[in-house]
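Chain by chain, the residues run as shown.
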Amino acid sequence: MTTALITGATAGIGAAFARRLARGGYRLVLVARDTERLERTAADLQGKYGVETEVLTADLATDEGIGAVEARLADGARPVDLLVNNAGFGNRGAFLTVPLQDELDMLKVHVEAVLRLTTAALPGMRDRGRGAIINVASVAAFLPRGTYGASKAWVVSFTQGVLRDLGGSGVRMMALCPGFTRTEFHERAGMGTGNIPSWSWLSAERVVEEALRDLGRGRSVSVPGKRYKAAVALARVLPSGKLGGLSNKAARTYRTD
């Protein structure tokens, strides 16, 4: 049975990955900070789909949390075939209005954890000649958007660079870059979403389905939704100065109602 490890597995895109993979018969290792919520999620998936689930409580903003997941990924007796680096969060406010420690925590989760967990998972996958890693980034990776956008741009570049180094190994890697997705992301960051048009939103289920389809096609980057594909294509040709103005306007005008 194929095993998948998913970080940030109890909500949003991570939970949608867990449901979709459970439906496909995967054995699951679910990673998040909240043990009680992890156990509820695991019990629900076991009850609905009859799959084996394992829970691992870890805060990826800490060395201890990252280390616990590294150890699980490096366990050759219990190999992980698919790693989904999904854990992440946003900070509300412009640069310098967000506490520095919050920015550093974001980099810890979005950059260091992705680097270290990928490094822990790849040797076993390469030795077995199979495996896959999905690193969840964002459409913001292609826009000038402060620490969040910069960290997600790193995820995209890192994923594509490592995949190039893995050529011929049988291991696949892909950066998943969703746009606005209906999850707890904005609520947790204290961001209102009342001024975001309804057509902008994707469901987490759609994001996951498109991601898995693109992974199967061997793509290095997946951008779910035709509108977001067009936006990313436009971002690649427009001057960054113009994009910066549009991006900042969209990002800083969240209403709290």
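Attention shifts here to the overall build of the protein chain. Each helix and strand in the protein chain was counted, giving nine helices and seven strands. Taking as baseline every contact in the protein chain between residues at least 6 positions apart, the subset at least 24 positions apart corresponds to 69%. As displayed, the protein chain offers around 12200 Å² of accessible surface, 52% of which is attributable to carbon and sulfur atoms.

What follows covers a nonpolar patch on the surface. Residues L100, L104 and L107 make up a contiguous nonpolar surface patch of about 280 Å² in total accessible area. Note on placement: L107 falls in helix α4 (residues 100-128). When its relative accessible area of 35% is taken as the criterion, L107 is described as partly exposed.

Another aspect to go through is the nonpolar core. Side chains of a nonpolar character, in soluble globular proteins, are inclined to be buried together. Core analysis: the largest hydrophobic core is formed by 43 residues, its most contacted members being F17 and L28. Leave out the neighbours within four places in its chain, and F17 touches I6, V84, I134, L176, V208, A211 and L212. Core analysis: the next-biggest nonpolar cluster, separate from the first, contains 26 residues, A58, A121, V162 and M173 among them.

Secondary-structure assignment places R27 in strand β2 (residues 27-32). C-alpha of R27 to C-alpha of A4: the two residues are 23 residues apart in sequence and 6.3 Å apart in space.

Strand order in the open sheet formed by seven strands is β3-β2-β1-β4-β5-β6-β7, and the pairing between neighbours is parallel. Unpaired on one side and paired on the other, β3 (53-57) and β7 (221-222) mark the two borders of the sheet. Here strand β4 (residues 82-85) runs beside strand β5 (residues 131-136); their pairing, made up of four bridges, is parallel. Across the sheet, the residue bridging to L82 is A132, located in β5. Its contacts with the sheet put helix α5 (residues 146-165) on β5, β6 (171-176) and β7, and the angle it makes with β6 is roughly 160 degrees.

In this section: the pairing of β2. Strand residues, when the strand is regular, have side chains that alternate between the two faces of the sheet. Extensive coverage of β2 is indicated by the burial of five of its six residues. Relative to β2, strand β1 (residues 3-7) runs parallel, the two sharing five bridges. Bridging across to β2, I6 finds its partner in L30. In terms of handedness, the path from β1 via helix α1 (residues 12-23) over to β2 forms a crossover that is right-handed. Alignment of β2 against β3, held across five bridges, turns out to be parallel. Of the residues in β3, the one forming a bridge with L28 is T53. Where the polypeptide runs from β2 across helix α2 (residues 35-49) and back to β3, its parallel neighbour, the crossover connection is right-handed.

Cut-offs and rules
Residues numbered from 1 in each chain as written. Predicted model: local features only at pLDDT ≥ 70, side-chain atom pairs only at ≥ 80, totals over all residues. Heavy atoms only, no water. Helix = DSSP H or I, 4+ residues; strand = E, 2+ residues; numbered from the N terminus. Contact = heavy atoms within 4.5 Å. Areas by Shrake-Rupley, 256 points an atom, 1.4 Å probe, with all protein chains shown as cover. Patch = residues over 30% accessible without salt bridge, like charges linked within 9 Å, V, L, I, M, F, W, Y side chains within 5 Å. Salt bridge = Lys/Arg side-chain N within 4 Å of Asp/Glu carboxyl O. Buried < 20%, exposed > 50% of the residue type's maximum accessible area, 1.4 Å probe, protein only. Core = buried A, V, L, I, M, F, W, Y, C linked by side-chain atoms within 4.5 Å. Pairing = 2+ DSSP bridges. Axes fitted to C-alpha atoms, helices over the stretch in contact; angles between N-to-C directions. Right-handed = clockwise from strand over helix to strand, strands pointing away.

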